[in-house]
Amino acid sequence: MHFFSLWFLFLFLPVGMLLYALTPQRWKMLSLYLLSLLYYGQMGLFYFGFMMASVTIDYFLSRLMQVFDDNNNYRRIVLAAGLIKNFGIGIITGSGANPALNAVPMGMYVYLFSALGYLIDVYKGDAVYEKNYIRFSLYCIMFPRIPSGPMLEYNSYLAQLKDISFHLDQLSRGFTLFVFGFSKQALIMEGLREVTAALYRVPVEELSVISAWMLAGCTALSFYYAFSSYGDMAEGLGIMLGFRYPSGYDYPLVSESISSFWKRFNGTVASFIRRYVTIQLSADTNGFATAAVHLIASSVLVGMWYSVNLNGILWGLLLGVITVCEELVFTKYLHKIPIFFRRILTLAVLLPSFLFLTCNASQFFQYAGILVGIGAPLTGPVINYTISSYWLPLAAAVIFSIPILRPVRRLLSPPYASGKREAKPLMSSSALFLRIISLGVTGILLFYSVVMML
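For clarity, every value in this text was computed on a predicted model and none was experimentally measured.

K.L.:
Just checking my understanding: could you explain the overall build of the chain for this structure?
P.N.:
Helices and strands together make up the secondary structure of the chain, namely 19 helices and zero strands. For the chain, contacts bridging at least 24 residues in sequence account for 78% of all contacts bridging at least 6. On the chain, roughly 20,700 Å² of surface is accessible, and the fraction owed to carbon and sulfur atoms is 69%.

Encoded structure:
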């Protein structure tokens, strides 16, 4: 059961929210936990049992670490067991799979690495030992985060859980943001998927330079909309439930550098990897080599989040090397270039790089040759046919990938502050008017999206 399924939209979500709203304050955590179990249980008995077994093992590892609180050597052994278990499952299960194609069990990376981050925090003394199994388990499997994040630090989760609330304003804002993400999937992603598939079906020798660039752009946009739509829906559901999740997607295709792209494209994952993996590896050393290894390792691990095979590794490695050049070699020169041209240069690197995630090495170098004009005409019939047949989804995909709706989004979800909860807002008449308009547009988008899916 996915967020954009009719079962979720018209049964699970309204009934679940009603029950959650009616649940007394002291039982809301249990209510949310049961909803999360029910949501993931729809994936099948095997995946449900696997998830619960994994979370339970991590819970007992954290308790075992508490037992050996006075013995650092034993605590290191427990942490190593957690690292091997979670990284091992992630690598073995994800090898050869592409999460964008739903080849990895839904939510596996989220609950594996959420638990791993908690174990690291407990080992370092940055988080308390959690005795309540339900509270720990809910952190790992809370259903808005399950499909693809965002990643959330345990301390931030715990601070919000202690003061969980529910009111109609957060329900309206959260639902509007949820429908915003839902519309990306139903109205933009479906058309974009058709365009991309049509371009991949064209024989390589028939592609022109412009059509190859369009293929690279459509591939990048497909990844952006596939993941950012889930991110918006997750953030909206979190607001409806009284939680604030950090926004992971901040218009990454207008980044002025590759390092900025990592912060904008599923930034919570990149931040998690820096905090819990690469910084720990280089905590006691410094210098150019260490910084370079740190940046490249971070990039490779983020690439493996999307594809735990050679494709993801090469994608991360390529962007990691470029990040090293940006931050450690050419920093003072790049800052002299106007931001508009930096964005163009970044886009010229980013768009072809996404082909790494969908093609084998031979295909990639064929496309790369066409992109730079080797043995291919500038234009041709393919580009003319594509634009005339798919101009509407292409235009929509490009327009909504730039920050044209950022003011509306900020109205619905103010900037995230770790571990802090916004107070219940007192709306002015103008804010109330904008909220009514947004809810009206939400209803229209929802109706049209569902009609398009039928």
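What follows continues from the structure just given.
K.L.:
Help me understand the packing of aromatic side chains in this model?
P.N.:
The geometry of two aromatic rings is summed up by the distance between their centres and the angle between their planes. Here the structure, examined in full by the defined rule, presents 48 aromatic pairs. Aromatic pair Tyr-20 and Phe-166: ring centres 5.9 Å apart, planes at 75 degrees, arrangement edge-to-face. Of this pair, Tyr-20 sits in helix H1 (residues 6–22) while Phe-166 sits in the loop between helix H7 (154–161) and helix H8 (168–201), and the two are 146 residues apart along the sequence. Three or more aromatic residues joined by ring pairs form one cluster here, namely Phe-3, Phe-8, Phe-12, Tyr-39, Phe-143, Phe-175, Phe-178, Phe-182 and Tyr-230. Of note, Lys-28 hangs over the ring of Tyr-20, and the distance from its end group to the ring centre comes to 4.7 Å. In this arrangement the basic side chain of Arg-145 is found over the ring face of Tyr-139, its NZ or CZ atom lying 5.5 Å from the centre.

K.L.:
How should I be thinking about a nonpolar patch on the surface in this particular structure?
P.N.:
A cluster of nonpolar side chains, contributed by Phe-288, Leu-328, Val-329, Phe-330 and Tyr-333, occupies part of the molecular surface with about 470 Å² of accessible area. Structurally, Phe-288 is set in helix H12 (residues 288–306).

K.L.:
It is not clear to me how helix H15 (residues 339–353) should be interpreted in this structure. Could you clarify?
P.N.:
Owing to its 3.6 residues per turn, the α-helix brings residues three or four apart onto one side. Over its 15 residues, H15 extends 21 Å from the first C-alpha to the last, a length consistent with the 21 Å expected when each residue adds 1.5 Å. Inspection of H15 places Arg-342, Thr-346, Leu-350, Leu-351, Pro-352 and Ser-353 among the buried residues, and these make up the whole buried set. Of the surrounding secondary structure, the elements contacted by the buried residues of H15 are helix H9 (209–241), helix H10 (258–264), helix H13 (310–329), helix H14 (331–334) and helix H16 (361–371).

K.L.:
Help me understand the side chain of Asp-58 in this model?
P.N.:
Looking at where Asp-58 falls in the secondary structure, it is placed in helix H3 (residues 45–67). Among the polar contacts made by the side chain of Asp-58, one reaches the side chain of Asn-86 at a distance of 3.1 Å.

K.L.:
Could you clarify how one ought to interpret the packing of H3 against helix H5 (residues 108–124) in this entry?
P.N.:
In helix packing, the relevant descriptors are the interaxial angle and the interaxial distance, both defined with respect to the helix axes. Here H3 crosses H5 at 0 degrees, and the two axes come no closer than 10 Å. Taken together, the axes of H3 and H5 are roughly parallel relative to one another. Across from Phe-50, Met-51, Ser-54, Val-55, Asp-58, Leu-61, Ser-62 and Met-65 in H3, the residues of H5 making contact are Met-108, Tyr-111, Leu-112, Ala-115, Tyr-118, Leu-119, Val-122 and Tyr-123. Partitioned by chemical class, the residues of the contact of H3 with H5 number 13 nonpolar, two polar and one charged.

K.L.:
Any chance you could explain the pattern of salt bridges here in plain terms?
P.N.:
Between side chains of opposite charge, a pair can form when the charged atoms approach closely. A full pass over the atoms with the stated rule returns eight salt bridges. With its nearest N and O atoms 3.1 Å apart, the salt bridge here joins Asp-121 to Arg-275. With Asp-121 in helix H5 and Arg-275 in helix H11 (residues 267–281), this residue pair connects regions lying 154 residues apart in the sequence. You can call Asp-121 buried: its relative accessible area is 1%. Using a relative accessible area of 26% as the deciding quantity, one classes Arg-275 as partly exposed. By sharing partners, the salt bridges in this structure join Asp-121, Glu-153 and Arg-275 into a single network.

K.L.:
When you look at the confidence of the model for the chain in this model, what are you seeing that I'm missing?
P.N.:
A low pLDDT means the predicted coordinates there should not be read in detail. In the predicted model, the chain carries a mean pLDDT of 83, and the fraction of residues at 70 or more is 85%. For the chain, helix H19 (residues 429–453) is the element with the lowest average pLDDT, namely 56, and helix H6 (residues 133–141) is the one with the highest, namely 94. Low confidence marks residues 96–102, where pLDDT is under 50. Its contacts with residues over four positions away, or in another chain, come to 19 contacts. For residues 421–430, every residue scores under 50 in pLDDT, and the model assigns this stretch 16 contacts once sequence neighbours within four places are set aside.

K.L.:
Honestly, the environment of Tyr-225 in this entry has me stumped. Any pointers?
P.N.:
With respect to the helices and strands, Tyr-225 occurs in helix H9. For Tyr-225, a relative accessible area of 0% translates into the label buried. For Tyr-225 and Ile-188, which are 37 residues apart along the polypeptide, the C-alpha to C-alpha distance reads 7.8 Å. With residues near it in sequence (within four places) discarded, Tyr-225 still touches Lys-184, Gln-185, Ile-188, Met-189, Leu-192, Ala-396, Ala-397, Phe-400 and Ser-401.

Reading guide: rules and limits
- Residues numbered from 1 in each chain as written.
- Predicted model: local features only at pLDDT ≥ 70, side-chain atom pairs only at ≥ 80, totals over all residues.
- Heavy atoms only, no water.
- Helix = DSSP H or I, 4+ residues; strand = E, 2+ residues; numbered from the N terminus.
- Contact = heavy atoms within 4.5 Å.
- Areas by Shrake-Rupley, 256 points an atom, 1.4 Å probe, with all protein chains shown as cover.
- Phe/Tyr/Trp six-rings, centres within 6.5 Å; stacked < 30°, edge-to-face > 60°.
- Lys NZ or Arg CZ within 6 Å of the ring centre and 35° of its normal.
- Patch = residues over 30% accessible without salt bridge, like charges linked within 9 Å, V, L, I, M, F, W, Y side chains within 5 Å.
- Salt bridge = Lys/Arg side-chain N within 4 Å of Asp/Glu carboxyl O.
- Expected span 1.5 Å × (residues − 1).
- Buried < 20%, exposed > 50% of the residue type's maximum accessible area, 1.4 Å probe, protein only.
- Polar contact = N/O pair within 3.5 Å; in protein donor to acceptor, adjacent residues only side chain to side chain.
- Axes fitted to C-alpha atoms, helices over the stretch in contact; angles between N-to-C directions.
- Parallel < 35°, antiparallel > 145°, perpendicular 65-115°, else oblique.
- Nonpolar A, V, L, I, M, F, W, Y, C, P; charged D, E, K, R; others polar.
- pLDDT = per-residue confidence, 0-100.

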